[in-house]
Structure formats: C-alpha cells, structure tokens
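Close look at the chain arrangement
Listed below, chain by chain, are the residues.
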Amino acid sequence: MNFLISVLILSFVPALVFGQSAPTKPVTTTAAPASKAPKSAEQRLLEVERRLRELDEWYNEYYLQSKNRVSPFLGEKISFGGFFETAITHIGGPDMETQSSINSQLLGINLAAEFEDNTRFVTQIINGLSYTLSNANNNPGLTPAKRQFGAFAFGTLVAQAYLELRKSELVVLQMGLGYVPYGISQQQREPVLFRRRSGPQLASTSDGTSIGIAFPLWMGLHLSGSSSMEKGRTGYNLYTFTPTMNSKTIGGGSRLWWSDSQSLTLGLSLQTADQGTRGYWNSYGADIKYEAEKGGLVAEYAKSKSSGEKDIESYYVEPYWTLKDGEWVIYVAADYINNPNRVVTSVADPYEIWRYGAGVNWLPIPNVRLRAGLLKNDYLNSTDTIAGQERDYYAIDLSAGVAF
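Quick caveat, the model's predicted, so the values are computed rather than measured. (Residues numbered from 1 in each chain as written. Predicted model: local features only at pLDDT ≥ 70, side-chain atom pairs only at ≥ 80, totals over all residues. Heavy atoms only, no water.)

1. Quick look at the overall build of the protein chain
- Along its length, the protein chain carries two helices and 20 strands.
- Of all intrachain contacts in the protein chain linking residues separated by at least 6 positions in sequence, the fraction that spans at least 24 positions is 55%.
- Accessible area for the protein chain stands at about 22300 Å²; split by element, carbon and sulfur atoms hold 60% of it. (Helix = DSSP H or I, 4+ residues; strand = E, 2+ residues; numbered from the N terminus. Contact = heavy atoms within 4.5 Å. Areas by Shrake-Rupley, 256 points an atom, 1.4 Å probe, with all protein chains shown as cover.)

Encoded structure:
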C-alpha cells in the first residue's frame, strides 16, 4: 500500500504545501479575501496526515473488506533485479567453414515479493535472442551436413516461479518450479556468474528424447534445509519433477552437501525418473568446490543410465586464480563427456569429447564481467570422424555480462 500512498502524495502535496490546486473537475471560484491569513507549514502537514489517514481507512475498511478476493500486492516488499549477457563466437575446424557470429543475447528478470519474514514469492523470466549452432557435432548425416550458425531464434522462458514457506533453517518448502540443486553448474541461476560462458558440458546434455545427465528444473515441491555441526555445516534437498519425454509420471531428486563454512564444499546428487519408451533412468553425481583468497577450484562428476542403453558420463575440473582483489580472474578447464545415446531427428549422433580451454575474466566493477576464452574440442575414438568427415573444432568466445 506504500506505493499507492506515494502516488497519491504526489497529487496532494503540491496543493497542501505549495498552495497549488490538484487537478479536479472545473469549478467556479471567487477570489479569497485579502485579509485571510495563509496556513502555516504545520497546519499543511497536519492536513496531509489527515488525508493519508482517511485514505488508509478507506483502503482497509472498504476496498479490502468489501472485495471477496485475494488482496492486491501493495504494502509488502518487492525486490527487482536481473542480468544481461551478450556474446560473440568464432569457430573453425578441418571439415567445416570458419565463421563468426554475434550469436547470443540473454536478458533475465528476477522478482521477489516478501509477504512476511517467512513467506515470499520468487520468479525469474529469461528472454533469449540467438543464432543457434546447427549440427553442433559436425555429423554429415544431418541437415545442414556441416556445423554452422543457423537461423535466428528467440523465446521467453519462466525459469523460476515458486512460493517459499520457511519454517526454520532446517525446513524450507518451495512450491512451483526452479533450477535443480544437482551438483554446482546445474543450479547456477544466472549465466553471468560462470567464469567460462555457458558452463560445463554436463549442464547441457539433454536432446529432447532423453534426460541426459540431469533434468534441469524441479517442478512441484522442493524441500531443503541446513544445520550447523560441530565441524562445518550440512544441508539437504528433496524435490520432484515430471520429465518432458513422459508427462504421465513424476520423478524425484535429492542432494546432500557438507561445508567447512570457510572454503570447502562437498556434495552428492541423485535423480530418478521413468522415461517411458526410453526406460527407467537414474543419475548420480559428486562435486567439490574450493575457494581461497587467491583462487580456487570447481570439479564435478556425473553419470546416468537408462534401461537397455549405454551410460552417459561427464566430468570436468576448472581451477582459477584471482588478481587485484578479484578484478581479474584467470582459469583453465578440462571438460569430458561421453554421450553414446544422442539422437537427432531419428539420426544417431553419439559423441565423446575432451574440451580443453583457458580464459580470462575482467570485472571492472562487481556487477560487470567481461570474458575472453579459447576452447579446443577434441572428439575421441569412434566419434572422431564420421563418413570421412572430421569433427574437431576450436572456438574463441568473447562475452560481456551485467548483473543488476
């Protein structure tokens, strides 16, 4: 209600404090007697208080009580924020065209409404404009026959929207949807926070017919909590979701983590679901994050398996170093994935890749991250060449992101 009151103050204060008339319907007026003394500042302020009190009484006694519905959100606290990220990518390889593209623009809007100390609503909406990388694995059996930046695409996604009820630190219940607490990279809510743009490969293995490493969003219920221990702190997550390839079922996931409350965090993650014709699916992962004054390290391992199919496996390690109190960040990365089950439009497209890279981040202010990165994609074993067409390629990536 403070917002409504503020708007009305803008209308009333000029009239009461500065002696100007608020716009109303035309009336006939006569000149005030010259002998009438003007109101003092104290009298004008008392008049403002009286009118605000009358407005408050009207809002509570008439507008709310006479409306048999959920009351409008006016008096509680609203937090607003978000992020924006833009990127330029240059790619090249032995059996593909060398090309460059301003290929990604992402805008995320975050809103949080706090009703009470233990009740809030959180949402995130992501808007994206991009030139997608078609035939990303350079498979001659697909269309186009070689890797290239493709058609312009845009869309809007509700990535988070949940009501949170906090009973205590040990019991926090969320209802709606949000990022899954699986490992480290899967629960990254804003891509601007990644040192390596788009993060590791295990965060993007789903192909629409298989869950891949992990389902990216919890749906329905998410129960979490944490508690202090004699040494450090431990926490848990339990959540549900419905896989897109079998909308008649409900899957589940969990995570257990421990932190020394200073620099080290360890985690274990699990997911399970029925994929219908692709069989029952299970996934498990482990992660470690170490943060020190001059740098740190992030590493994850994940593996999933469906009935009658080969395992999907991925792991990476990403050490980094900070300079000038965190203004500069230098990182290197070794990132592996083996996805033998990938299918695109009924064409088998398995791949096994080591992705090696390095890069630098510049944070001129804490809200801005500028990146430059180089990645080499080295396809392995039977997936190195298909029908005589090599699949290896390199990528140079420049990006800028802002969190607000």
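2. Regarding a nonpolar patch on the surface
- A contiguous nonpolar patch, built from I78, F80, F84, L107, L111 and F404 and spanning about 570 Å² of accessible area, is present on the exposed surface.
- Broken down by secondary-structure element, the contributors of at least two residues to the nonpolar patch are β1 (77-92) and β2 (99-116).
- Sort the elements by how many residues they give to the nonpolar patch and β1 lands first, with three residues.
- For I78, the position within the fold is in strand β1. (Patch = residues over 30% accessible without salt bridge, like charges linked within 9 Å, V, L, I, M, F, W, Y side chains within 5 Å. Salt bridge = Lys/Arg side-chain N within 4 Å of Asp/Glu carboxyl O.)

3. A few points about the pairing of strand β4 (residues 148-168)
- Taken together, the 15 bridges between strand β3 (residues 119-134) and β4 define a ladder with antiparallel strand orientation. The residue of β4 that forms the bridge with I125 is V158.
- As paired elements, β4 and strand β5 (residues 171-179) share seven bridges and run antiparallel to each other. Across the sheet, the residue bridging to S168 is V171, located in β5.
- Hairpin connection from β4 to β5: two residues lie between these consecutive antiparallel strands. (Pairing = 2+ DSSP bridges.)

4. Observations concerning the pattern of salt bridges
- Inspection of every chain in the model, using the stated rule, returns 16 salt bridges.
- Among the salt bridges present, the one from R51 reaches E47, with a minimum N-O distance of 3.4 Å. Linking R51 with E47, this pair stays in helix α2 (residues 41-64), spanning four residues, or about one helical turn.
- Relative accessible area serves as the criterion here: at 32%, R51 is assigned to the partly exposed category.
- Among the salt bridges present, the one from E327 reaches K324, with a minimum N-O distance of 3.9 Å.
- One continuous salt-bridge network, built from bridges that share partners, spans R195, R196, E318 and D335. (Buried < 20%, exposed > 50% of the residue type's maximum accessible area, 1.4 Å probe, protein only.)

5. Topic: the confidence of the model for the protein chain
- Mean pLDDT over the protein chain works out to 88, with 86% of the residues at or above the 70 mark.
- The model gives residues 1-34 a pLDDT under 50, and that stretch makes 27 contacts with residues more than four places away or in other chains. (pLDDT = per-residue confidence, 0-100.)

6. Section: unusual backbone geometry
- Cis geometry is adopted by the peptide bond preceding P144, which originates at T143 and carries an omega value of 0°.
- For P144, the location among the structural elements is in the loop between β3 and β4.
- Non-glycine residue N135 carries a positive phi angle of around 50°.
- Residue N135 is classed as buried on the basis of its relative accessible area of 9%.
- In this structure, S198 is a non-glycine residue whose phi angle is positive, near 75°.
- One can find S198 in the loop between β5 and β6 (217-228).
- By relative accessible area, which is 47% here, S198 ends up partly exposed.

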